[in-house]
Amino acid sequence: MRVFKVLSIVLLFAVVPVAAADSVESAAAAATSMGTAPAGGTVWAGPRALLYDNGPLVTSPGTGAGGADESVLQSTSLGMNILGFGIQLSSSNSLADDFTIPSGETWQIDNITGFGYQTGAGSPSTISGMYLRIYDGPPNAGGSVVWGDSVAGGWVTDVMSSTVWSNAYRVSETNLGNADRAIMANTATIGTALTEGTYWVEFLFDGSASFSGPWGPPITITGQTTTGDGLRTIGGVWEPLVDTDGTNTPQGVPFIVDGTVLGGGGGGGGGGGTGAAAEPIPTLSNSGIVILVLAFIGIAAVLIRRRM
């Protein structure tokens, strides 16, 4: 019996350091380049019907390797430290953040897209799975799972439908133009309807054991150290998402929800899909423009003759 207890304690302390070691990738990691070739191939086209965008992530469009976008960690100008947070199935490290469905609306949620990278992996994506839960409240304060695997049952169901390059790299201010951290857009198929209220999305990725990570970059806003109110788990234990050993300020988690509004509002939009549907703007065809110009010429000719 004593031997069993000793082994249990040893195993417990053996697991915790692994999860902790995979919990963050700091700015110091950017000092050494992996020499990764610029990513290529298929590029994410974005959501088909945007309901909610919990971003932004890109801060410098078109300035990255090969003309790609960059999500720049403001390591020098603001003293920030975390390139990416651990979001690994192997360590039960996850990220979570919230979104709100306005009063009177019901959303048909088709997909949720989260973002992650594996350092040095490049493209095509090495993300091999995505696991996701939706809660009806903060998962660290009594929220219950309304979609996805139960907490008690652990992560079981891979719901990823696609993983492609987002056309962006995660870099720090000291390694601009680096191609080591190609950010992948990883989409999960949801297919559920939710009514008004505030919900929390928790997700993590599986990836190749040949590279570190997967890592989840936080919401990044130029000139701002606080970007949200996200949460994370380390080995399944909840804590606030903060820029550890840097500014120690709260961070948000970028993700995108797409689908349709079923009641109480118009079509989707970046602010939550509450805007009214746009009315079509009348336009003229090429032949219509020619006819209109000829009509103006004819009217002008008549006016000139009258004056003569």
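Definitions and cut-offs
- Residues numbered from 1 in each chain as written.
- Predicted model: local features only at pLDDT ≥ 70, side-chain atom pairs only at ≥ 80, totals over all residues.
- Heavy atoms only, no water.
- Helix = DSSP H or I, 4+ residues; strand = E, 2+ residues; numbered from the N terminus.
- Polar contact = N/O pair within 3.5 Å; in protein donor to acceptor, adjacent residues only side chain to side chain.
- Contact = heavy atoms within 4.5 Å.
- pLDDT = per-residue confidence, 0-100.
- Buried < 20%, exposed > 50% of the residue type's maximum accessible area, 1.4 Å probe, protein only.
- Pairing = 2+ DSSP bridges.
- Phe/Tyr/Trp six-rings, centres within 6.5 Å; stacked < 30°, edge-to-face > 60°.
- Lys NZ or Arg CZ within 6 Å of the ring centre and 35° of its normal.

A.B. asks: Would you explain the side chain of Ser-172 in this entry?
C.D. replies: Within the secondary structure layout, Ser-172 lies in strand β8 (residues 160-172). Side-chain polar atoms of Ser-172 contact the side chain of Thr-174, separated by 2.8 Å. Ignoring sequence-local partners within four residues, the contact set of Ser-172 consists of Ala-30, Val-72, Leu-73, Ser-75 and Leu-83.

A.B. asks: For this particular structure, what's the right way to read the confidence of the model for the protein?
C.D. replies: Caution applies to low-pLDDT parts of the model: their predicted coordinates are not meant to be read in detail. Per-chain confidence: the protein averages 85 in pLDDT, with 79% of residues scoring 70 or above. Scored below 50 in pLDDT, residues 1-18 makes 1 contact in the model with residues more than four places away or belonging to other chains. Throughout residues 266-293 the model reports pLDDT below 50, and contacts reaching past four residues in sequence, or to other chains, amount to 32 contacts.

A.B. asks: Looking at this structure, I do not really get the pairing of strand β6 (residues 127-135). What am I missing?
C.D. replies: Here is the key point about a regular strand: its side chains alternate between the two faces of the sheet. Among the 9 residues that make up β6, 8 are buried, leaving the element largely enclosed by the rest of the structure. One ladder, built from 3 bridges, connects β6 with strand β7 (residues 145-148); its direction is antiparallel. What sits directly across from Arg-133, in β7, is Gly-148.

A.B. asks: Help me understand the side chain of Asn-186, please; the structure alone is not making it clear to me.
C.D. replies: Turning to its location among the elements, Asn-186 is positioned in strand β9 (residues 182-207). A polar side-chain atom of Asn-186 sits 2.6 Å from a polar atom in the side chain of Thr-163.

A.B. asks: What should I look at first to understand the packing of aromatic side chains in this one?
C.D. replies: Aromatic ring pairs: the centre-centre distance and the angle between the two ring planes describe each pair. Applying the stated rule across the entire model yields 8 aromatic pairs. Aromatic pair Tyr-52 and Phe-255: ring centres 6.0 Å apart, planes at 35°, arrangement tilted. Residue Tyr-52 is found in strand β2 (residues 50-53), and its partner Phe-255 is found in strand β13 (residues 255-263); the two are separated by 203 residues along the sequence. As far as the burial class goes, Tyr-52 and Phe-255 line up, both buried. Relative accessible area serves as the criterion here: at 1%, Phe-255 is assigned to the buried category. Seen from the ring of Trp-155, Arg-133 lies directly overhead, with NZ or CZ sitting 3.7 Å from the centre.

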